[in-house]
Amino acid sequence: MSRVWSVDVRVTPREGILDPAGETIRRALGNLGYEGVHSVRAGRLIRLEVEADGPEAAVASTEKMCEQLIANPIIEDYVVRVREG
Amino acid sequence: MEVGMKVGIVRFPGSNCDADVYRAVTDGLGERATYLWHKSTDLEGVDVVVLPGGFSYGDYLRAGAIARFSPIMREVIDFARGGGLTLGICNGFQVLCEAHLLPGALVRNRNLRFRCHDVGLRVENAGTPFTSAYGEGDLLHIPIAHGEGQFVAEASTLDELEAENRVVFRYVDRRGQATDAANPNGSARNIAGIVNAEGNILGLMPHPERHSLSVLGNTDGLAVFQSLLAAVSRERSHPGDRRTDAAPPGAREFAAGAVAGAGVSS
Amino acid sequence: MTRTSLERVEARPGDPVMSAALVAEHGLSPEEWEQILGFMGREPTFTELGVFSAMWSEHCGYKNSRPLLRTLPTESAAVVQGPGENAGVIDVGGGWGVAFKIESHNHPSAVEPYQGAATGSGGILRDVFTMGARPIAIFDSLHFGSLDSPQSRYLFDGVVRGVGDYGNCVGVPTVGGEAIFDPAYERNPLINVMCIGVLPLERLIRGEAEGVGNPVMAVGARTGRDGIHGATFASEELDEEAVDSRPQVQVGDPFTEKLLLEASLELIERDLLVGIQDMGAAGLTSSGTEMAARSGSGIDIDVAYLPVREKGMTPYEMLLSESQERMLLVAKPEHEEAVREVLERWDLQAATIGQVTDDGMFRVREDGIVRVEIPVKPLVDDCPTYVREGVMSPATAEARAADLEAYGSFGSDEAVETALRTLLDSPSIASRRWIHEQYDTTVQTNTLEGPGSDAAVLRLPAEGRALAASTDGNGRHTWLDPRTGGRAAVAEAARNVACSGARPLAVTNCLNFGSPLRPEVYFQLAGAVEGMGEACRALGTPVTGGNVSLYNETGGQPVYPTPVIGMLGVIEDLERRVPSAFRRAGDEIWIAGTTRDEIGGSEYLAACHGLVAGLPPALELEEAAALVDFLVEGAADGAFASAHDASDGGLAVALAECAVRAEGGPLGCTVDLDAAPAGADVSAAGRWFGESHSRVVLTCRPGAGERIAAHGRRHGVPVARVGVVDGPDRPCRLTGAGHAIAPPAAELARIYEEAIPRRMSEEAGITS
């Protein structure tokens with residue numbers, strides 16, 4: 001049954017890829033006195049409303065979008081999740 | 001009595017218009033300038049603090065968000081809250097907003113691209129310590145160079161800014177009209193620069209320091225620094241009186257609440 | 001540290017076993033391998049193989065280009081530092097020097113346009129500030145496929161963002177360059193970036209490793225696995241799989257770069273260093289060995305002290321990583337602490353990873369165990385070089401022989417006007433505003449003439465002086481005739497610089513070619529370098545360095561051979577600089593230089609007829625040199641109100657550009673092309689759109705033309721008055737060869753301004 005699914009895509013820098021933004025935030029937190037922050041990775045969250053036959057289909061089509069446009073698989077990982085409700 | 005003024009230019013890691021402001025003040029105006037290191041806690045007795053343009057901390061997270069917590073900023077905030085003349089240009093404007101010294105926030109340009117070119121600016125309020133050497137309604141050509149210069153604030157804040165005559169510069173076309181086409185970044189109501197309620201803190205996105213040297217053929221920006229010099233001289237001869245001739249009646253009554261209350265969290 | 005005998009070099013447990021296939025994978029031929037075995041006296045370890053692979057790649061070793069490059073002139077009174085350093089340096093007077101260099105980042109940009117272009121900008125900035133110079137300008141010379149292709153639009157958009165974001169953040173204005181669009185670059189775009197910096201000459205520092213025992217320090221970003229074997233990657237052609245089997249993409253961090261820039265200049269100013277070099281292509285390997293080679297010393301480092309970003313990195317990976325924003329310093333020993341303090345003040349990491357030795361060895365340890373021990377001299381200097389056989393490709397021969405007679409005439413006046421409109425709408429000719437408005441062009445308050453002028457003009461610290469610079473190249477002309485193309489790249493760059501009133505002084509070059517193993521590509525490379533050398537000698541502008549980028553091909557199809565020249569010149573009195581566009585109505589319009597019947601290889605044939613054919617316009621060296629003298633002396637004398645080089649699209653396009661770029665808005669003009677100096681039997685197309693070299697559109701105040709004529713006579717440059725500048729809202733009334741057109745200047749301006757934005761509008765805002 002086709003309906004609109006709310007889908008979250010979380011895009012983060014791939015493991016091993018330099019993340020200047022995350023690193024700068026980590027150092028700034030240290031300067032503010034937050035000790036023990038070992039790593040910060042800065043990514044982005046993209047929220048889509050996708051029409052599909054089921055949650056699996058919504059995920060599958062969103063993953064295609066990620067490969068093509070939303071993420072750059074050369075430097076970024078992404079996780080696709082259907083939100084409840 | 002001491003004459004002239006000494007301008008303190010804050011250097012954050014990633015500031016890159018610090019030297020341009022320095023040259024505008026020294027070569028353009030013939031006044032003194034000094035750099036204030038971000039890790040310092042001493043304003044060295046300067047008369048004016050400038051937060052220059054650039055990409056402090058790479059503009060990572062949000063433009064100005066990390067610089068706002070630099071050690072020097074505690075002193076700058078005290079200085080500004082105490083009535084000290086404080087000018088934030090481009091990235092400096094972003095820092096002032098992040099520090100809640102000015103209301104609103106600066107977000108990505110409407111077309112999502114960095115833009116650098118001369119814009120038309122109209123002087124909306126020539127009664128501030130930053131603009132007294134201009135005439136009301138003067139049209140200026142000043143460069144912009146930013147990716148995140150779209151000024152946004154809640155409608156009530158914008159209304160308040162306008163009611164209190166705190167919009168100092170607007171983006172306008174060649175005929176001086178604040179049209180949508182003349183708005184380079186989508187700023188609310190074509191706002192290019194604003195002051196706080198007391199009138200001692202100015203933030204603007206365009207770069208007056210880049211048009212302050214006659215060798216470059218355009219000195220439309222120099223009057224900002226000339227105005228500051230006049231204000232510093234006036235302060236020295238009449239200490240404590242920050243009023244300027246053209247200050248709108250009533251503006252000062254709003255002073256107390258506006259600083260604390262008008263910020264839009266970003 | 002104690003000397004280590006060769007026998008004590010230990011292979012690492014788990015290293016791949018040496019085999020012919022492994023050697024071949026590292027880009028080394030069996031003969032090269034034999035040579036290595038010869039001077040090593042043993043079989044190299046896997047880590048050492050990696051070192052050889054990088055240093056003997058085309059990128060570092062110039063295997064195929066060195067014998068050709070040796071023929072270029074490299075010296076003059078102005079040259080302080082020629083090729084072989086991080087960047088070239090010239091003397092611009094008043095105790096000031098200018099460091100400059102151009103470099104390519106073609107393959108990384110093809111794979112990841114944003115980061116590829118950004119890291120390309122970062123690398124060339126470091127090359128300049130490691131000479132002790134503060135970068136004051138960036139230029140980008142870009143070649144893409146047709147903007148009708150979505151892939152080209154994606155690459156173009158990403159590259160412009162990458163160049164822009166990096167330079168904007170570091171605070172160095174991008175003030176000039178070029179953007180050329182041709183299907184020949186569809187899958188393999190060319191991204192060449194030139195950086196220019198200024199320095200007090202007494203502060204010049206080099207990439208040297210002198211003084212036994214001096215500490216060697218790694219500074220800046222930590223080392224990750226990014227771009228391992230980038231140098232080798234850059235030396236292979238891009239195949240279909242490259243997009244998947246690519247090495248990890250390097251990510252640029254302009255914020256750290258800005259800190260490195262400030263810290264480095266402070267270290268140099270305080271005289272705390274012996275030498276400094278960017279860890280660019282082939283990272284620690286090339287910087288370490290090249291610094292030692294320049295000083296005839298050795299270097300002994302332990303990678304255990306190298307700050308790394310990832311766990312479990314092997315010495316092989318650490319030596320070959322191309323993580324960005326890193327530099328290698330050799331400090332004066334008594335200043336090691338002071339160096340550390342400066343770097344800490346700028347929030348930068350510094351680690352002492354070894355020291356300078358006198359045994360001529362590049363020695364690398366892992367926790368004390370020697371993994372690499374290679375004599376520096378043969379490693380750096382004895383990379384084998386090859387002189388190959390070149391032969392003109394059949395396709396070029398066929399194109400050159402084409403009969404162009406049918407294209408020499410127009411059926412009607414409308415056909416002429418349509419051709420002019422088509423040319424102004426060609427993205428290679430059209431306004432670059434869409435590009436340069438994304439670049440900060442005015443930061444540092446030195447920009448006197450920015451993008452849109454023939455040459456960018458920047459004020460120099462030396463009082464009253466200005467620097468003019470331009471980048472130029474023409475791949476299509478070079479494909480049709482490499483030697484002429486090489487000459488023309490130099491001459492056009494010189495002409496652009498001279499149009500602004502500057503005396504051209506020196507060049508940096510970037511050679512973008514296909515695989516030199518193809519005889520037809522080697523023919524192009526050899527011919528282009530020969531032509532460049534001829535023009536550099538004729539114009540007195542030696543080569544101070546540059547970059548060679550070979551293997552620019554996809555699916556067996558090389559790009560057009562594209563030598564790009566970055567030219568610098570100096571204007572003695574900046575008040576005498578000359579803008580390129582018309583200034584005011586009533587000014588006289590003059591044309592200098594001879595129009596010949598030369599439509600071969602023109603943008604007119606390509607844009608209007610889809611044809612790349614014929615012989616490109618000849619470049620007569622004496623004419624080119626005379627024109628430069630004429631322009632420089634005329635400008636110093638105040639004879640010109642404006643000066644604009646006629647190149648792509650010929651005289652008609654040059655006149656239209658002068659009209660539409662006028663500062664206060666488009667100006668009309670009335671011009672008779674038949675009045676321009678011309679050779680015999682010039683066809684109509686040749687007169688309107690032919691691209692004969694050494695021609696310039698000039699203007700002067702009404703009645704002041706005699707001075708132009710006098711300068712023309714003095715230098716043997718034919719000049720003629722051809723018309724007058726008209727007011728705004730007036731047409732560009734052009735007549736010639738029996739045709740007349742009068743399109744409104746404002747209409748031409750609209751076409752010229754909208755050509756690129758119109759094509760890019762669908763893409764707006766998609767990429768990050």
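Residues numbered from 1 in each chain as written. Chains lettered and ligands numbered in written order. Predicted model: local features only at pLDDT ≥ 70, side-chain atom pairs only at ≥ 80, totals over all residues. Heavy atoms only, no water.

J.: Can you tell me about the overall build of chain A, naming the residues and giving the values?
T.: Counting secondary structure elements, chain A contains 2 helices and 3 strands. Here the C-alpha radius of gyration of chain A, 16 Å, is well above what a compact globule of 85 residues would show, namely 12 Å. If one aligns the C-alpha atoms of chain A with their principal axes, the spans along those axes are about 55 × 30 × 15 Å. The contacts in chain A between residues at least 6 apart in sequence include a share of 72% that link residues at least 24 apart. By element, 50% of the accessible surface of chain A is carried by carbon and sulfur atoms, the whole surface being about 5,200 Å². Averaging the coordinates of the 11 positive side-chain charges in chain A and doing the same for the 14 negative ones gives two points 4 Å apart. (Helix = DSSP H or I, 4+ residues; strand = E, 2+ residues; numbered from the N terminus. Rg over C-alpha atoms; globule rule 2.2 N^0.38 Å. Contact = heavy atoms within 4.5 Å. Areas by Shrake-Rupley, 256 points an atom, 1.4 Å probe, with all protein chains shown as cover. Lys, Arg positive; Asp, Glu negative; His and termini not counted. Charge placed at Lys NZ, Arg CZ, Asp CG, Glu CD.)

J.: Before we move on, could you go through the nonpolar core and cite the residues and values that matter?
T.: In terms of nonpolar packing, the biggest core is built from 136 residues, with B:Leu87, B:Phe169, C:Phe156 and C:Leu329 touching the most fellow members. The next biggest cluster of nonpolar side chains, apart from the first, holds 60 residues, and it includes C:Ala493, C:Ala502, C:Phe513 and C:Met567. (Core = buried A, V, L, I, M, F, W, Y, C linked by side-chain atoms within 4.5 Å. Buried < 20%, exposed > 50% of the residue type's maximum accessible area, 1.4 Å probe, protein only.)

J.: Summarise the interface of chain B and chain A; cite the residues concerned and give the values.
T.: Listed per partner, the contact involves 5 residues of chain B and 6 residues of chain A. Interface area, chain B with chain A, both sides summed: about 510 Å², of which 88% is carbon and sulfur. The largest per-residue losses of area from chain B upon contact with chain A belong to B:Tyr60, B:Ile66 and B:Phe69, which jointly make up 74% of the total buried on that side. Linking chain B with chain A are 0 residue pairs in polar contact (both at pLDDT 80 or more). For the side of chain B that touches chain A, the residue count by class is 5 nonpolar, no polar and no charged. (Buried area = accessible area lost by both parts, 1.4 Å probe. Polar contact = N/O pair within 3.5 Å; in protein donor to acceptor, adjacent residues only side chain to side chain. Nonpolar A, V, L, I, M, F, W, Y, C, P; charged D, E, K, R; others polar.)

J.: Talk me through the interface of chain B and chain C; I want residue IDs and the actual numbers.
T.: Taken residue by residue, the interface counts 29 residues in chain B and 36 residues in chain C. For the chain B face of the interface with chain C, the top three residues by lost area are B:Trp37, B:Arg113 and B:Phe114, together amounting to 24%. For the pair chain B and chain C, the interface holds 5 salt bridges. Where C:Glu262 meets B:Arg11, a salt bridge forms, and the shortest distance between an N and an O atom there is 3.9 Å. Going through the elements one at a time, helix H1 (18–28), strand E6 (115–123) and strand E7 (139–146) of chain B are the ones with two or more residues in the side of chain B that touches chain C. When residues in the side of chain B that touches chain C are grouped by element, the largest group, 3 residues, is from E6(B). Here the side of chain B that touches chain C is built from residues that sort into 14 nonpolar, 6 polar and 9 charged. (Salt bridge = Lys/Arg side-chain N within 4 Å of Asp/Glu carboxyl O.)

J.: Would you mind going over the state of the cysteines in detail, with residue names and values included?
T.: A full pass over the atoms with the stated rule returns 0 disulfides over all chains. Free of any disulfide, B:Cys97 has its nearest cysteine sulfur in B:Cys90, 12 Å distant. Overall, B:Cys97 belongs to the buried group, its relative accessible area being 5%. Free of any disulfide, C:Cys195 has its nearest neighbouring cysteine sulfur in C:Cys510, separated by 14 Å. Under the relative-accessibility criterion, C:Cys195 is labelled buried at 0%. (Disulfide = S-S within 2.5 Å.)

J.: Requested: an account of the sheet that holds strand E2 (residues 88–93) of chain C, with residues and values cited.
T.: Residue and element names in this part refer to chain C. Reading across the sheet, the 6 strands line up as E1-E2-E3-E6-E4-E5 and stay open at both edges, with mixed pairing between neighbours. Looking along the sheet, the strands with just one partner apiece sit at the ends: strand E1 (79–81) and strand E5 (174–181). Each adjacent strand pair in this sheet contributes to an overall mean axis angle of 25°, direction not counted. Summarising the sheet, E1 and E2 pair through 2 bridges and their orientation is antiparallel. (Pairing = 2+ DSSP bridges. Axes fitted to C-alpha atoms, helices over the stretch in contact; angles between N-to-C directions.)

J.: Residue-level account of the environment of C:Ser761, with values.
T.: All names here are of chain C. In this structure, Ser761 sits in the segment after helix H27 (745–760). Among the residues examined, Ser761 registers a relative accessible area of 47% and is labelled partly exposed. C-alpha of Ser761 to C-alpha of Thr396: the two residues are 365 residues apart in sequence and 36 Å apart in space. Of the polar contacts made by the side chain of Ser761, one reaches the backbone oxygen of Arg758; its length is 3.0 Å.

J.: Let's hear about a nonpolar patch on the surface: which residues, and what values?
T.: On the surface, A:Leu32, A:Tyr34 and B:Phe69 cluster together to form a nonpolar patch covering roughly 320 Å² of accessible area. Residue placement: A:Leu32 occurs in the loop between helix H1 (20–31) and strand E2 (44–52). (Patch = residues over 30% accessible without salt bridge, like charges linked within 9 Å, V, L, I, M, F, W, Y side chains within 5 Å.)

J.: Give me the pairing of strand E1 (residues 3–13) of chain A: which residues, what numbers.
T.: All names here are of chain A. In terms of strand pairing, E1 meets E2 through 9 bridges, oriented antiparallel. In the strand pairing of E2, Val7 is matched with Leu48. The pairing of E1 with strand E3 (residues 76–82) spans 7 bridges and is antiparallel. Considered in E3, the bridge of Val7 is made with Val82.

J.: Outline the sheet that holds strand E26 (residues 719–725) of chain C, listing residues and values.
T.: Residue and element names in this part refer to chain C. The 7 strands are arranged E23-E25-E22-E26-E24-E27-E28 in an open sheet whose pairing can be described as mixed. Single-partner strands in this sheet number two, and they are strand E23 (642–645) and strand E28 (739–741). With direction set aside, neighbouring strand axes in the sheet form an average angle of 20°. In the sheet, strand E22 (residues 588–592) pairs with E26 via 5 bridges, with the strands oriented antiparallel. Bridging from a neighbouring strand, Ile591 pairs with Ala720 of E26. Contacts from helix H17 (residues 413–424) reach strand E27 (732–736) and E28, with the element oriented near 55° to E28.

J.: Which residues make up the pattern of salt bridges, and what values go with them?
T.: Two side chains of opposite charge can pair, provided their charged atoms sit close to one another. Residues and elements named next belong to chain C. On inspection of all chains with the given rule, the structure shows 79 salt bridges over all chains. Between Arg294 and Glu290 there is a salt bridge, and its shortest N-O distance comes to 3.9 Å. Here Arg294 and its partner Glu290 are both found in helix H12 (residues 283–295), 4 residues apart, which amounts to about one turn of the helix. A relative accessible area of 27% means that Arg294 is categorised as partly exposed. Put simply, Arg518 and Glu553 hold a salt bridge, and the shortest N to O gap is 2.5 Å. A residue pair is termed long-range when its members are at least 10 positions apart, and Arg518 in the loop between strand E17 (503–512) and helix H21 (519–539) and Glu553 in strand E19 (residues 553–554) qualify at 35 residues.

J.: Go over the environment of C:Ala419 with me, naming the residues and quoting the values.
T.: Residue and element names in this part refer to chain C. Relative to the assigned elements, Ala419 resides in helix H17. Distance in space between the C-alpha atoms of Ala419 and Val724 is 23 Å, their sequence separation being 305 residues. In this view, Ala419 contacts Tyr604, Cys608 and Phe689; residues no more than four positions away in its chain are not counted.

J.: Please give an account of the packing of helix H11 (residues 254–269) of chain C against helix H14 (residues 336–345) of chain C that cites residues and values.
T.: Residues and elements named next belong to chain C. Two elements in contact, H11 and H14, have axes separated by 9 Å at closest approach and are oriented at 150°. Overall, the two elements H11 and H14 adopt an arrangement that is roughly antiparallel. You can see that H11 and H14 cross each other, and the crossing is right-handed. Counting all contacts with H11, which are made through Ala263, Glu266 and Leu267, the residues of H14 involved are Val339, Val342, Leu343 and Arg345. Partitioned by chemical class, the residues of the contact of H11 with H14 number 5 nonpolar, no polar and 2 charged. (Parallel < 35°, antiparallel > 145°, perpendicular 65-115°, else oblique. Left-handed = near helix turned anticlockwise from the far one by under 90°.)

J.: Break down the confidence of the model for chain C for me, citing the residues and quoting the values.
T.: It should be kept in mind that the predicted coordinates are not to be read in detail where pLDDT is low. Counting all residues, the mean pLDDT for chain C is 93, and 96% of those residues have values of 70 or more. Across the assembled chains, the prediction reports ipTM 0.93 with pTM 0.92. (pLDDT = per-residue confidence, 0-100.)

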